[in-house]
Amino acid sequence: MLPPQPAPRDQAIIDLLQERDGLLTEVVLDGGVRLVVLNIAWGYDIGDAYAHVTTNVSPFVEGAEIDFFFTSSVTAIADASTGGILLQAP
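Residues numbered from 1 in each chain as written. Predicted model: local features only at pLDDT ≥ 70, side-chain atom pairs only at ≥ 80, totals over all residues. Heavy atoms only, no water.

Undergrad: Help me out: how do you make sense of the pattern of salt bridges in this one?
TA: Any two side chains of opposite charge can pair, so long as their charged atoms come close to each other. Enumeration according to the criterion identifies two salt bridges in this entry. For the salt bridge of R20 with D79, the shortest nitrogen-to-oxygen distance reads 3.6 Å. In this pair, R20 sits in the loop between α1 (11-19) and β1 (25-29) while D79 sits in strand β6 (residues 74-79), placing the two residues 59 residues apart along the sequence. With respect to burial, R20 and D79 carry one shared label: buried. (Salt bridge = Lys/Arg side-chain N within 4 Å of Asp/Glu carboxyl O. Helix = DSSP H or I, 4+ residues; strand = E, 2+ residues; numbered from the N terminus. Buried < 20%, exposed > 50% of the residue type's maximum accessible area, 1.4 Å probe, protein only.)

Undergrad: What's the story with the sheet that holds strand β4 (residues 52-55) in this structure? I'm lost.
TA: One key point about sheets: their strands pair by backbone hydrogen bonds, in either a parallel or an antiparallel sense. Reading across the sheet, the three strands line up as β3-β4-β5 and stay open at both edges, with antiparallel pairing between neighbours. The sheet is open, and its two borders are formed by β3 (40-43) and β5 (68-70), each paired with just one other strand. Here the strands of the sheet are splayed against their neighbours by 25° on average, with no regard to which way each runs. Bridging between β4 and β5 involves three bridges; their strand directions are antiparallel. Paired with T54 across the bridge in β5 is F68. (Pairing = 2+ DSSP bridges. Axes fitted to C-alpha atoms, helices over the stretch in contact; angles between N-to-C directions.)

Undergrad: Whenever I open this one, the sheet that holds β6 confuses me. Can you help?
TA: Reading across from one edge, β2-β1-β6-β7 is the order of the four strands in this open sheet, with antiparallel pairing throughout. Edge positions in the open sheet fall to β2 (34-37) and β7 (85-88), since each of these has one partner strand only. Neighbour-to-neighbour, the strand axes of the sheet open up by a mean angle of 20°, direction not taken into account. With three bridges connecting them, β6 and β7 associate as antiparallel partners. Directly across from A78, in β7, lies its bridge partner I85.

Undergrad: Got a minute to help me understand the layout of surface pockets in this structure?
TA: Empty space among the atoms can be located by rolling a probe the size of a water molecule over them. In this structure, the largest pocket encloses a volume near 160 Å³. R9, I13, Y50, A89 and P90 are the residues nearest the centre of the largest pocket, which is lined by 13 residues in total. Within the residue set of the lining of the largest pocket, elements represented by two or more residues are α1 and β7. In the lining of the largest pocket, the residues fall into seven nonpolar, four polar and two charged. (1 Å grid on protein atoms, 1.4 Å probe; cavity = no way out; pocket = protein on both sides within 12 Å on 5 of 7 lines; lining within 4 Å. Points joined across faces, edges and corners; volume = space filled by probe spheres on them. Nonpolar A, V, L, I, M, F, W, Y, C, P; charged D, E, K, R; others polar.)

If you want it as structure tokens, here you go:
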């Protein structure tokens, strides 16, 4: 029998990235890495409260970088066209 799945601790991040589907969004990760995101595919491994995310593949975006990260490493999300901060991680 599998252990119970914990409740997601990253719902605000996933919701925001889904709402911005097709819009240039900048995701800032621990260490200052900045990713340009147009869409996401995500999921949870058994026992994880944070999702793994693959960018720009659902649907594939010609010329866009495909990146992979865990939502636990997100420090901020910004509108890439204005620079406005949309989410600041605690």
